[in-house]
Amino acid sequence: MSSGNKSTTGESTGATSSSSKSHVATLAIVQAREALAVIFAIRLVNALCVRTFFQPDEYFQALEPAWRMVFGEDSGAWLTWEWQNQIRSSVHPAVFAFGYWLVENFFGPGIPSKVRAKWLIAAPKMLQTGFAALGDWYSWRFAEKLYGRGSVAAWSVFAMTLLNPWQWYTATRTFSNCFETTLTAMALYYWPWELLGTEDDGVTESKYSSIPIFATWNQINKLRLSLVLAAFAVLLRPTNILIWMAIGTLALTRATLGGKSPLTRSNLLVIYREVFLCGSFALGLSLLADRQYYGEWTFPPLTFLHFNVAQDLAAFYGQNDWHYYLSQGIPLLCTTITPFVLKGLFKSLDAENSNWPVTTSNALKALTFTVLTNIASLSFVSHKEVRFITPLLPAFHILAAPHITSFFTTVSEAASSARPTSTLGWKRTPLLAGGLLVNAIIGGYLSYFHAAAPIKVIDFLRSEFETIHPQHLALPRPANATGTDLDFEQELFALFLTPCHATPWRSHLVYPELRARALTCEPPLGTPPKSPQRRAYADETRRFYADPAAFLQELWPADRPGEDMARYVVGYEGVEAALRRYFDPSGPGARHRVELREVWSSWNGLFTDDERKAGRLVVWATGFYDYTMPVEP
């Protein structure tokens, strides 16, 4: 009977332990779902607050090709030279094309054109809000994986991702770098960090760990998820391969790593097999997507490297000092947490002397090695932008987490009759409040006020078109539109005399029959790097700002037919004097009988990185189409 009681007691204890574990797992799932909901809600508010223009790629490398995918060649989408030369993968625009397709097929029919236009403008932003939330969520989950579920360090990563002003400014924008950052955060979370080393298994006869890494399908499936996500990130932005080369190199060489190596022959075979299979899967899908989009077999990442590295065409859009990422990139990306990021990079090299498990200390070293190799490699490329290192942001937050928590918080153990509990305390609160205030000011100003005029002017022009031409709001463009209204067909609704790609285009203009023209800035394709031909090359934008009068005479020559005259001219206030001299009764454009009249203007921020964009953005009405019979331009 005594033996039976012991057996019953043992079974009861086992059942209680199993029930407790199940309860903890359930709580973890609930907490993760609630955290994702909170992040999405915050990012949705973030998306609604972002009403400024940052860089052209947000529109011209994602939304313009996506628009053309859904609405066709006559939709008015502006495809830049990268798309004409098959440099970009169609995978990223296809994501936003799905959003346009949903609006057009499920919400578009039967609703007013003006309402549908607003939905089409909002669709990509909503999709990117979801991707941004996933990136934040996986960064936090990755931190929990390294620092422990519910740890203060993990929650600090949660806070940093949401309060980082760079994230607030860019995360909900449709840049390929933002999507790449989300894919990278997800791939890092699913990556089996035990590959870098495991705890000592007590077996001294072998230098390899006997702790199973790929013993279950769950472990293998996580590896597959990581590899597929990483492969798509590389196909999206080829420079992302630097992240995975750094992690792979450290895993194979085991330089500075602790613990026992798990790289047995069987584990290596599993890795090589999955790299081949997952890479082939992602590559196959990408090739098929690009074959469908471009109409022929092509491999954009290779073309990307040829044009931007071998031909050095990226330098045409600006060159930076070798130390740009160190002196400007990291401080802009991390802002107020930069000191903690730098400390994390330094301290991670000595992580084995901390109290972290081997897996965590090795992962921190790998993240540091990834940061250093990426920044060193990208510094050799002459054209540099902060957003090129945005995929390193999850690593920056995780490396900074232990040091920002120890700087601002205290954890005290309080013993009780039941069990000891930890109490979180705060220190240096004025400094913390000051940092948060700085973040709020930077993020708020850049997202809501700085360079808001390029977005507002497109809204103004679209509204004007809706008022003036309410019968031409069809989307897609009707097949029989040509030849039905000759006066309308010759009307150029807007001429943008601004630096090229200074505003959104068809993704915000919407209506295909709203004809607009802007200055272009294609690079000198076909010219050798540093050649005299390349140095002498000047695109439309440079020619206009070098001599506005000469360019306008080239646009509307007196001795032959020129381009159509615009109903509205858009430009920064610095070009107004040149325009008025051209259209003056004594000027070269007097024959147009144009009297410029300012009809709209908007302040464009406290500062600018391009003096050509200084001052207000202005719309002038030409009055050209107010005549009963239009004058020949």
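Note: the structure precedes this text.
The structure contained in this document is the topic of the report that follows.

What counts, and where the lines are drawn
- Residues numbered from 1 in each chain as written.
- Predicted model: local features only at pLDDT ≥ 70, side-chain atom pairs only at ≥ 80, totals over all residues.
- Heavy atoms only, no water.
- Helix = DSSP H or I, 4+ residues; strand = E, 2+ residues; numbered from the N terminus.
- Buried < 20%, exposed > 50% of the residue type's maximum accessible area, 1.4 Å probe, protein only.
- Contact = heavy atoms within 4.5 Å.
- Areas by Shrake-Rupley, 256 points an atom, 1.4 Å probe, with all protein chains shown as cover.
- Lys, Arg positive; Asp, Glu negative; His and termini not counted.
- Charge placed at Lys NZ, Arg CZ, Asp CG, Glu CD.
- Salt bridge = Lys/Arg side-chain N within 4 Å of Asp/Glu carboxyl O.
- Pairing = 2+ DSSP bridges.

Turning next to the overall build of the protein chain. Scanning the protein chain from N- to C-terminus turns up 25 helices and seven strands. Structurally, the protein chain occupies a C-alpha span of about 110 × 50 × 50 Å along its principal axes. Evaluated residue by residue, the protein chain yields a buried proportion of 51% over its 633 residues. Long-range contacts, defined as pairs at least 24 residues apart, comprise 75% of the intrachain contacts of the protein chain with a sequence gap of at least 6. When the accessible area of the protein chain is evaluated, it comes to approximately 29,600 Å², of which 61% is carbon and sulfur surface. In the protein chain, 53 positive and 52 negative side-chain charges are present, and the distance between their average locations comes to 8 Å.

Across all of its chains, the model carries 21 salt bridges by this definition. One salt bridge in this structure joins glutamate 554 and arginine 543, with 2.9 Å as the shortest N-O distance. Placement of glutamate 554 in helix α24 (residues 548–555) and of arginine 543 in helix α23 (residues 540–546) is noted, with a sequence separation of 11 residues between them. The class of glutamate 554 is partly exposed, set by a relative accessible area of 45%.

Our focus in this paragraph is the environment of tryptophan 119. On the secondary structure map, tryptophan 119 appears in helix α6 (residues 113–147). Residues tryptophan 119 and phenylalanine 107, 12 residues apart in the sequence, show an inter-C-alpha distance of 8.6 Å. For tryptophan 119, the residues in contact, after removing those within four places along its chain, are Val103, Phe107 and Ile111.

Burial within strand β3 (residues 492–496) is extensive, with five of its five residues counted as buried. Where β3 lies against strand β5 (residues 566–572), four bridges are found, and the strand directions are parallel. Across the sheet, leucine 492 pairs through a bridge with alanine 566, a residue of β5. Pairing analysis gives three bridges linking β3 to strand β4 (residues 516–518), with the strands arranged parallel.

Here we take up the pairing of strand β7 (residues 617–621). Counted residue by residue, β7 has five buried out of five residues, so it is predominantly covered. Every second residue of β7 is oriented toward a common face, with Leu617, Val619 and Ala621 on one face and Val618 and Trp620 on the other, all of them buried. Of the strand pairs in this sheet, β5 and β7 are connected by five bridges, and their pairing is antiparallel. Looking at the pairing, glycine 571 lines up with valine 618 of β7. In this sheet, β7 lies alongside strand β6 (residues 597–602) in antiparallel orientation, the contact comprising five bridges.

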